[in-house]
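Listed below, chain by chain, are the residues.
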Amino acid sequence: MRARTATALVVLTLLTGSACTAGAAHPPPPADDVIKAATRSLTDDCLTRRGLTPKSGRQRVSDALFGTGRAELSLRLPTGYVVRAHTDGCLAAAQRRLYGDQDRWFRTSVVVNNLRPEAARTGHPLSEVRAAHRAEIAEWRRLRARALTTATALLKGGGTHPKGNQ
């Protein structure tokens, strides 16, 4: 689980600009990279708190990371596919921490990530499908902005415990 330390250091370096030369302006790292690094840090910490290591066995680590039993979240897409997710794993805990509401993030991200397949299935232009899902896209952007703010603070502060550096 030490890979998170290296990932966090790379992102932290990018965030603080410590590798910058005097007067040079560098764009911030992509939001995806920051959120992924924070998610990795949170999930690694969660697995460590549960006493798991890479040698704990693939199934035990997978169960702890993704959850077990019947998936609590479910959404049927216009394409006919059903997407499901658990709320009891380390990944779910990381999503709750970053996005503030795992259920809302699950639903909006599944819809937004499947706009192209919906357009292909219905035969409507992607612009029409996007217009029909304007509320979900706005919610996705709001939740993503929250996640980026939380992830940035988490990586700068170095603490991933839900109540700070404990």
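Data block above holds the structure.
Conventions and cut-offs
- Each residue is numbered by its place in its chain's sequence as written, counting from 1.
- For a predicted model such as this one, the threshold for reporting local features is a pLDDT of at least 70, and the threshold for listing and counting side-chain atom pairs is 80 or more; totals across whole chains, interfaces and linings nevertheless cover every residue.
- The basis for every side-chain value is the complete set of heavy atoms in the structure, and neither hydrogens nor water enter the calculation.
- In these notes, a set of buried Ala, Val, Leu, Ile, Met, Phe, Trp, Tyr and Cys residues joined through side-chain atoms within 4.5 Å is what counts as a nonpolar core.
- Buried, partly exposed and exposed residues are distinguished by accessible area as a fraction of the type maximum, computed with a 1.4 Å probe on protein chains only: under 20%, between the cut-offs, and over 50%, respectively.
- Strands are runs of DSSP state E lasting at least two residues, helices are runs of H or I lasting at least four, and both sets are numbered from the N terminus onward.
- Pairs of N or O atoms within 3.5 Å make up the polar contacts considered here, provided that, within protein, one atom can donate a hydrogen while the other can accept it, and that residues adjacent in sequence are counted only when both atoms are side-chain atoms.
- The contact definition used throughout considers only heavy atoms, calling two residues in contact when any of these lie within 4.5 Å.
- One fewer than the residue count of a helix, multiplied by 1.5 Å, yields its expected span.
- Should DSSP find at least two bridges between two strands, the strands are regarded as paired.
- The disulfide criterion is simple: two cysteine sulfur atoms within 2.5 Å.
- Axis lines are fitted through C-alpha atoms, for helices just across the contact stretch, and the angle between N-to-C directions can take any value from 0 to 180 degrees.
- To sort the angles, those under 35 degrees are grouped as roughly parallel, those over 145 as roughly antiparallel, those from 65 to 115 as roughly perpendicular, and the leftovers as oblique.
- Handedness of each helix crossing follows the sense of rotation of the near helix against the far helix: counterclockwise by less than a right angle gives left-handed, clockwise gives right-handed.
- Amino acids outside the nonpolar list (Ala, Val, Leu, Ile, Met, Phe, Trp, Tyr, Cys, Pro) and the charged list (Asp, Glu, Lys, Arg) are all regarded as polar, and Gly is one of them.
- A side-chain nitrogen of Lys or Arg and a carboxyl oxygen of Asp or Glu constitute a salt bridge if their distance falls within 4 Å.

Draft legend 1. Quick peek at the nonpolar core. Counting 14 residues, the largest nonpolar core has Ile35, Ala38, Leu98, Tyr99, Ala151 and Leu155 as its most contacted members. For this core, the secondary-structure elements that each account for two or more residues are helix H2 (31-49), helix H4 (90-99) and helix H8 (134-157). Core analysis: the next-biggest nonpolar cluster, separate from the first, contains 13 residues, Val112, Ala119, Val129 and Ile137 among them.

Draft legend 2. Spatial organisation of the side chain of Ser56. With respect to the helices and strands, Ser56 occurs in the loop between H2 and helix H3 (58-66). Ser56 gets classed as buried once you look at its relative accessible area, which sits at 15%. A polar contact is formed between the side chain of Ser56 and the backbone nitrogen of Thr53, at a distance of 2.7 Å. Setting aside its immediate chain neighbours within four residues, Ser56 contacts Gly51 and Val61.

Draft legend 3. How the structure looks around H2. Its 19 residues give H2 an end-to-end C-alpha distance of 27 Å, which sits within 8% of 27 Å, the value for a rise of 1.5 Å per residue. Buried within H2 are the following residues: Val34, Ile35, Ala37, Ala38, Thr39, Ser41, Leu42, Thr43, Asp44, Asp45, Cys46 and Leu47. Phi turns positive one or two residues past the end of H2, at Gly51, with a value near 80°.

Draft legend 4. Fine view of the pairing of strand E2 (residues 82-85). The pairing of strand E1 (residues 73-76) with E2 spans 4 bridges and is classified as antiparallel. Residue pairing in the sheet places Arg76 in a bridge with Val82 of E2. Between E1 and E2, which pair antiparallel in sequence order, lie 5 residues; one of them, Gly80, sits at a positive phi of approximately 100°.

Draft legend 5. Quick look at the state of the cysteines. Per the counting criterion, the structure on display carries 1 disulfide. Each disulfide pairs two cysteine sulfurs, and for Cys46 the partner residue is Cys90, the sulfurs being separated by 2.1 Å. Between Cys46 and Cys90 the disulfide shows an S-S torsion of about -70°. By sign, it is left-handed. In this pair, Cys46 is assigned in helix H2 and Cys90 in helix H4, connecting sequence segments 44 residues apart. Take Cys46 and Cys90: they sit in the same class, and that class is buried.

Draft legend 6. Inspection of the packing of H2 against H8 at higher detail. One way to put it is that H2 packs onto H8 with a least axis distance of 9 Å and a crossing angle of 60°. With respect to each other, H2 and H8 are oriented oblique. Here H2 runs over H8; the crossing is left-handed. In contact with Ala31, Asp32, Val34, Ile35, Ala37, Ala38, Ser41 and Leu42 of H2, H8 contributes Arg144, Ala147, Leu148, Ala151, Thr152, Leu154 and Leu155. Looking at the contact of H2 with H8, its residues break down into 11 nonpolar, 2 polar and 2 charged.

Draft legend 7. Focus on H4. The set of residues buried in H4 consists of Cys90, Ala92, Ala94, Leu98 and Tyr99. For H4, the elements touching its buried residues are H2, H3, helix H5 (102-112) and H8. Looking one or two residues beyond H4, the residue adopting positive phi is Gly100, at roughly 85°.

Draft legend 8. The arrangement of the pattern of salt bridges in detail. Scanning the model with the defined rule gives 6 salt bridges in all. Note that Asp32 and Arg144 form a salt bridge whose closest N and O atoms lie 2.3 Å from each other. With Asp32 in helix H2 and Arg144 in helix H8, this pair connects stretches of sequence that are 112 residues apart. Accessibility expressed as a relative area gives 39% for Asp32, which makes it partly exposed. Judged by relative accessible area, which is 15%, Arg144 ranks as buried. What emerges from the salt-bridge pattern is a single network uniting Asp101, Arg104, Glu139 and Arg142.

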